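# Structure at a glance
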Amino acid sequence: MSRRSASRFLAATFLICPVCRHVSTIQRRRSKLKKSGHIKTLWCPSCQAVTQHVEAKEWEIARQNEDDAI
């Protein structure tokens, strides 16, 4: 499988740190996507701790940024 055809099987998902609100991006296969609100334990480079990141979709990130601007 070439690199070009592999990219159509991947989708970006966003993980939000509940402590500092830092947003990390990861790639997942479209067939293995998780629901919004899925919890993933990760190291947060911003707060320098292991936290329970919450998974969100791109449109949820955009809506959150609009709410923060108000």
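The following refers to the structure shown. (Residues numbered from 1 in each chain as written. Predicted model: local features only at pLDDT ≥ 70, side-chain atom pairs only at ≥ 80, totals over all residues. Heavy atoms only, no water.)

## Let's talk about the sheet that holds strand β1 (residues 10-16)
Either a parallel or an antiparallel arrangement is found when strands of a sheet pair, and the pairing is made through backbone hydrogen bonds. One open sheet accounts for 4 strands, arranged β2-β1-β4-β3; its pairing is antiparallel. One side of each edge strand has no neighbouring strand; the edge strands of this open sheet are β2 (23-29) and β3 (39-44). Taking each pair of neighbouring strands and ignoring which way they run, the sheet shows an average axis angle of 45 degrees. Direction of pairing for β3 relative to strand β4 (residues 49-56): antiparallel, over a ladder of 6 bridges. (Pairing = 2+ DSSP bridges. Helix = DSSP H or I, 4+ residues; strand = E, 2+ residues; numbered from the N terminus. Axes fitted to C-alpha atoms, helices over the stretch in contact; angles between N-to-C directions.)

## Some words on the state of the cysteines
Counted under the stated rule, the structure contains 0 disulfides. Summary of cysteine pairing: C20 is not part of a disulfide, and the nearest cysteine sulfur, belonging to C44, is at 3.5 Å. With no disulfide of its own, C47 has C44 as its nearest cysteine by sulfur position, at a separation of 3.4 Å. (Disulfide = S-S within 2.5 Å.)

## Things to note about the environment of S46
For S46, the location among the structural elements is in the loop between β3 and β4. Sequence separation of S46 and V19 is 27 residues, and the distance between their C-alpha atoms is 9.5 Å. In this structure S46 touches C20 and H22, once residues within four positions along its chain are discounted. (Contact = heavy atoms within 4.5 Å.)

All we've got here are geometric facts, nothing functional implied.
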